[in-house]
Each structure stands twice: as structure tokens, then as C-alpha cells.
Amino acid sequence: MHYIINAFSTIFSPMGLLLNIVGVVFGIIFGALPGLNGVVGVALLLPLTYNMNPSFGLIMLGGLYMGATYGGSISAILLNCPGTGEAACTALNGNPLARQGRAKEALNFAVLSSGIGGLFGVIIMLLFTPILAKFALKFGPAEQFLVCVLGLAVVGSLMGKNVAKGFFSVAFGLILSVVGMDVTSVNYRLSFGNMHLQSGLDLIPISVGLFAIAEMLVLLTNQNTGDLITEPQDDYKVVTTLKELGRRWKILLKSSIIGTIIGILPGTGGAIAVFISYGEAKRSSKERKQFGFGAVDGIIAPESANNAAVGGSFVPLLSLGIPGSATSAIIFGALTVHGMVPGPKLFNEHTDVVYALMMGLLLSVIIMVIVGLSGTRLFTKILKVNTKFIIPAVIALSLFGAYSARNSLFDVLVAIVFGVIGLIFKRTNIPVAPAVLGMILGKMTEQNLRQSMVIAAAKGLNIFSYIVFRPISIVLLILIGLLIIGNLKTNLRGDE
Amino acid sequence: MKKFVITILTVLMVSTMVFAQGKVETGAQYPTKGIQFIVPYAAGGGTDSLMRLLAKAMEEELGQSVTIVNKAGGLGQVGLTELSRAKNDGYTIGALSNLDHILVLFTSDNVSYDYDSLEYLGAINTTANIMYANSKNTGFTSAEEMFAYAKQNPGRLTVSISGKTHLAEVALLEQAAGIKLTPVMQGSGNDSLKAILGGHVDLAVMDKNFVAQVQGQGVVPLATFSDARITPVTEVPTFTELGYSIATETYRVMVAPKGTPAEICATLTATIKKVSSTDEFIEKMRNMSENYRFLDAEQVKARLDNDYRAVQKLLEEVPGAFN
């Protein structure tokens, strides 16, 4: 118990507070800028932590992670350029709301959902890490495969009216994920002998191109007059937001749970949590017809899920030493440099540092909400900036973000090419989100399936029985079934 | 007109960002400006963490910035291709992992550099891989028990691995012990850890650093692939002791593009030796579970040549080892 009290004094010390605030603010900025995200931000600030007291270093990085996850929603709502893959679903409803003059409303819901989801994830992490870690281990290749299938089934919720175009989009994404080295056979695929293609296509330049650059190209070719969005913006009180969130508590809770659980599974991150919770929200929401046109549930679900995943991703890291996401993998590095090996011993040997990180994350959520809410008015001013300035700024920042993913000029080229592809998609009404989903999930789905096949063969089992006859698999199969049935019902009802 | 303005503004902004360069100072002694250090692996991994430690120490010694640039992909191929094509003026250097490097040269297609495209400057660490077993599920507490079972049940034991080095080690082990295992390829050591802790595979080959992480969780180290017992896990026997003649080790080598002037190479090697041999540095390495072992340019080349010949021999005797 006294560890928690010690942790409080650490996080509320002047240095601890300052670093937390710095982390969160930087995180929000990184998240909002297209192409940059929490991973890049944490990698950039990592060297600064080498000479710091480890508790302080972790407080700062944790704050950055939390802030960046929320930050993506800002550009998603205002510019239709999700700053991170985790904000892709937020753009689907946030931007239409902004165009209807409801930007403040969308931003308020985004930050408060992020806050509540984030809080949920961190509290679960605080209370249940050991149990949850054991639970996470039970997810082997068979279960992970089914989680990926569940994610892919969400495509049905993202498709809109034209099913064929939706399938095309996700197939396109799946093919993109194949390019590069295949882990299982250690062979190159679809690389055409090109060294750059051999290392595979990175998600960041592609999503930056398909979302941000394509959006700017659309604006460019639209002969827009001046302001980004001409609809006058209504005010929307924070209190009203809170009351609404209270009414919609079911979806908030469900999405937070989904986010936390997916965050706990190593190898999956905020993006997958977002898509799955979005799909589930659409299936069960009363506003489901509004999804894609400005449904508030369509913001609450993804934003709470991705921030809940932050807390979740620390569960396997702190208890088993296995990072739950790419960002927490880099934070792993921050621990090892100080000689702390993440794993079962970490809790016992460095309890103070672990608690400082956990408590620090709680505080980061609060800071994030305060910064986000007070910044809403400032953020919406972006809408008044002339497109003359927005377009070059976003394109330049996006290309910069594309480069910084892997320090590769090739990725800049990829971003430009996919910007054009995205423009074509948008002009022909092919949905872009399924392509991104396909890209995120393609490799993971295939890898887990093939590993399951290898293990099943070694055990002399039929692949079907290996995957299906396990307790967790059965639960997942039921969820997949529910999702598919839900999507079928919505699509067969005709008008969307 | 508006579109023209937008285009010009975009080009200007992008150019500023892309072409931003560090300051170049005039002076005589190397180094006179910042050095780029290419790490051909992702940030946060073992090679990356160690090289960041080294780069920081070199920075303090040389008085110029030594910036780590991560260029991951293809088991180091992407980063090393870039390094081999970089200007050989001593301002771009890099690191590689010995077996990954050699295996790429032997088994990958379209590799645009070869063994002689790099100057090998030195090495500071040595580590080895260990065969772990999930003793809760398999009941194995020693290598002998595993071998006995494997001989009776060819192909039934699954072993999680990450990377071609482990594939080579498993192939050598199969050859030496006359057994057949089923490798399950993962993306990283952490994936193998998760697979074996969760009981989804029977065995795993991972770095010795995971011994601390698996303690008390039903996973035990059976034996190590190094030629002698390795600290800090000196309780783990070597396969060699048990009668199977396999010996592999992993060490990171600092490299520069071919043709980098000899004096600069010598300066770099000497700097690395100086900064890594301090008590403080060795202590920091130990905190990262890395064993300090310095090799200078000739020594590291000799060892690499040895590894090269060993892999060559393996491929001659077992051509399908890496499929």
C-alpha cells in the first residue's frame, strides 16, 4: 500500500507533473499530425529518458502514448485526415459532424470518450494485471487467427451501400499486406526484386496517403473557395456531452472493454481495437443508420476503445515482459536501458517504478482531458484557415510523417502514390477504411493461420479441430457469427 | 493562380524538411561533423538498445553527434544495403549481427552487397541462444529427456524460433542428434516467449536473456548453443558438453562501407575500444544482460571468417537446411 502513496508523491512532484504534461501535450501534437503517431513520438523522446530517473522517464512516455492516441481524433474530425490508424473510424463520423457545424460536439465527445476509455484501461491494468496476463497467454495462434477474422468481419460495417466496392477495398488491403518478407517461410513475396518492396509496405505511408494526402488532393481538385468548412460551428457544452455520455453508457462500457482486451493481446494494438469496437457499435447502436454520416456513437466507440487499449497494452509488458503494442515495445526499451527486465520479476524488484508508471498514466488521462477540452475552441479555429495554407501544410507534414516511419525516402514515394490512389478511391466511392483494415490484419491473419497449420500437423490434428475445439475459440466464433449476422441484417434492409 | 501558390508553398515546405542538414564545421581532425550510425533493426530491440548505448558513449568521446538511424528489414539487409552504398568518408557507419549477416549472404536472393562490401571494425558483445522447453506440458527437465522423446516421435515436437540464425541452430542440432523437430517461425523473440509461455509450442530457441523472464513459469532452459557455459546463466549446460558438437554465438559487429580510409577505421576501432572498456560501460551492458567481449578489427574478421565457413559447410552437407 505504501507503494501507492510513494507513487503519488512521485507523480505529483514538480518534475513528475511537468514531464507528464510535456508527454501528454507532445503526444497530442504527434497524434494530430498526419503520419506521426505515438510510436514515432516515443522513439524520439526515448533517448531523453536514459539519463532520467526511470520513474520520470516512464511517466513522460506513458503520457505521450495516451495523448497521441487521442490526438489523432483532432485531425480526423476537423480535416478528415486521421493522424493515426487508430483514428480512422473517428473520421468516418467526426468529419461529417464537423461539416454539419457540429465540430465542437464531435471534439468534446472524442476527448471525453478517450478519457473515460483511457481511465477504464488503466484501472483494469492496475487491478488485474497478473490474472489478465495469464489470460492473454492462452491466446495462441488459433485464437489470434480468430481475433483477426473477427476484425476482418468488421468490414461489413464499413462497406456502405456497395458491397462489391467494399470487398474490392479490403482485398486490395490484404494484397498490400502480403508484399515483403513472409515470416513463416522467410521468403520474399510480391517484391519484384526491389529491395524496398522486400522490406514490405509500412502502414503509415499508406494510410497517410490514402487518408491525408488523398483528402488534400480532393480539396485541391474541388476548386474550394476559402474556408475549409463553411458551415458555421455551433457551440456545445461540456456538461451536455457528459450527460449524453451518461445516456450512452452501454456503448461506452462495451467499447472500453473491447479496447482493453484487444490491447492486452500482444501483437494487436489500438487500431484493431478501434475497428472491432466500431463494428460492434454499429451492430448494436440505435443510430446505426447514421454511421458514416455523423453518428455520435461512431465517435464514442473508437475513441474509448483505442485509449482503453493503452492501459491494456501494458498488462503483458509489465507482467510477462511481452509488449502488447508497438508503442509499448519501445517503452520496453526504456526499461531495459535502466537494467530493469520487464517480466514477472519487475513487479517485485522495481515496484516503485511500476506503480509510478501506472499512477502516472491515470494522471495522464486527466491531463489529456483538460488539455483537450480547453483546446477545443483553438482546434476549431483551424476550420477558419484558408485551404490555401492548409493543403500545403498537411501535405508537407504528411510526407514528413511518411518518411519518419522508417527513415525511408521510398516511403515518401509510397505516400504520394497512395495519395493518388486514395483520390481515385474517393472519386469512385470506394471506401478507404476497409483497405486499411485489410492491410493491418492481412499479415497477422495469415501468419497465425499458417502457424496453426504447422502446429496442428505436428500434433497429428486436423487444422479445423485444432482451431475450433478450444474454449476461447468457441467464444470468438460466436462473436464472429453475431457480427456477420448483424451486418447482413443491416445490409439486407436495403437503404443504409 | 491559387493552385500555383499552393504548389509552390508545398514544394518549399517539403524541401525544407527533406533537405535539412546538420552543420558542417571546418577543421582538420576526424570527425569534423556528425556521424550517422545505421542500425538495421527496429528501435527497442537488442541490437538497437546496445548500439544506442555505444553511440552515446562515442559521442562524448569524439565530440561530435553520433545519430542512430533505424533501417529495419530483411534480417538486416535493408540497412546494410544502404550502408554499403553510403559514402565511405567515415561519416556513415553501422552495425550488424554476425549470423544474420552471413545467412543473408548465403540464402537470400537479390542481395546487393557481399561479404567484402564492408569494413569490419570490431565487436563489443557476445551472447548465445538457448533451447527452452515448456516443462509443464512436456515434462522435459533436461536435454536428454527431450532428445529421447524426439527420437521416438520425429516431427512431433514444435520449436518456436525467430530468424534464420535459430533455423540454422535447429538444423545443426537435428543433424548432430539425429532427430527431427518442427520449427514454427515467429517475427521476434517476444513472439516465441509468448508462444512457449502459453504452451502453444513445446520448445523454443531464444536468447539467453529470456532465462530470467521465464523463471517460475513452467519453462526451463535445456542447453545452450555456445561452445562454453555463458554468464550469467552458467547453470545451463552446453550441447557440446552433452556430446553434441554444435557451437554458435551471436555478436554484434560495427561496420563501415568498403574503402573507408584506414586511419578513420583505426580511429573508430580505437574509440569503440576505449569507451566500451570502462567499468561504467561494462556495468551498463550487464544491466542490459549483455556480456562485454571486445574484438578488434582483425579478431572480428577472423571470427566472422570462421562463421562463414561453418555456414558454408552446413549448406553443403544439408542443402535444404533453410527451407
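Numbers given for residues are sequential positions, taken from 1 along each chain in its written order. Starting at A for chains and at 1 for ligands, labels are handed out in the order in which the entities are written. Totals for whole chains, interfaces and linings use every residue, but because this is a predicted model, local features are given only for residues with pLDDT of at least 70 and side-chain atom pairs only at 80 or more, for both listing and counting.

Some words on the overall build of chain B
Stage number 1. For the purposes of this entry, the term helix denotes a DSSP run of H or I that reaches at least four residues, the term strand denotes a run of E that reaches at least two, and both are numbered from the N terminus. In terms of regular secondary structure, chain B is built from twelve helices and eleven strands.
Stage number 2. With respect to the three principal axes, the spread of C-alpha positions in chain B is 75 × 55 × 40 Å.
Stage number 3. Out of the 323 residues belonging to chain B, those deemed buried represent 48%.
Stage number 4. We call two residues in contact if the C-beta atoms placed from their backbones are at most 7 Å apart. Contacts in chain B between residues far apart in sequence, at least 24 positions, make up 74% of those at least 6 positions apart. Between the buried cut of 20 or more and the exposed cut of 12 or fewer other C-beta atoms within 10 Å of a residue's own C-beta lies the partly exposed class, and all C-beta atoms are placed from the backbone.

A look at the pairing of strand β7 (residues 182-185) of chain B
All names here are of chain B.
Stage number 1. Being paired, for any two strands, means DSSP has found at least two bridges between them. Looking at chain direction, strand β6 (residues 158-161) and β7 are connected through four bridges and run parallel. The partner of T158 across the bridge, within β7, is T182.
Stage number 2. Considered for its hand, the β-α-β crossover made up of β6, helix α7 (residues 164-177) and β7 is right-handed. By convention a crossover is right-handed if, when the strands point away from the viewer, the path from the first strand over the helix to the second runs clockwise.

Some words on the interface of chain A and chain B
Stage number 1. At the junction of the two partners, chain A supplies 46 residues and chain B supplies 48 residues.
Stage number 2. For the side of chain A that touches chain B, the secondary structure elements donating two or more residues are α10 (195-198), α16 (326-337), α17 (344-349), α19 (387-406) and α21 (433-459) of chain A.
Stage number 3. Looking at the side of chain A that touches chain B, the element that brings in the most residues is α19(A), giving nine residues.
Stage number 4. Three residue categories are used. Nonpolar comprises Ala, Val, Leu, Ile, Met, Phe, Trp, Tyr, Cys and Pro, charged comprises Asp, Glu, Lys and Arg, and polar comprises the others, including Gly. Classifying every residue of the side of chain A that touches chain B gives 30 nonpolar, twelve polar and four charged.

Notes on the domain arrangement of chain B
Residue and element names in this part refer to chain B.
Stage number 1. Segmentation of the chain into domains, including their bounds, is taken from an automatic or database domain assignment. Partitioning chain B into domains gives domain 1 (34-127 + 250-317) and domain 2 (129-224).
Stage number 2. Using only C-alpha atoms to locate each centre, domain 1 and domain 2 end up separated by 28 Å.
Stage number 3. With eleven residues of domain 1 in contact, the opposing surface of domain 2 contributes ten residues.
Stage number 4. Ranked by the residues each element gives to the side of domain 1 that touches domain 2, the list is headed by helix α4 (residues 98-107), at four residues.
Stage number 5. Taken together, the residues of the side of domain 1 that touches domain 2 break down into five nonpolar, five polar and one charged.

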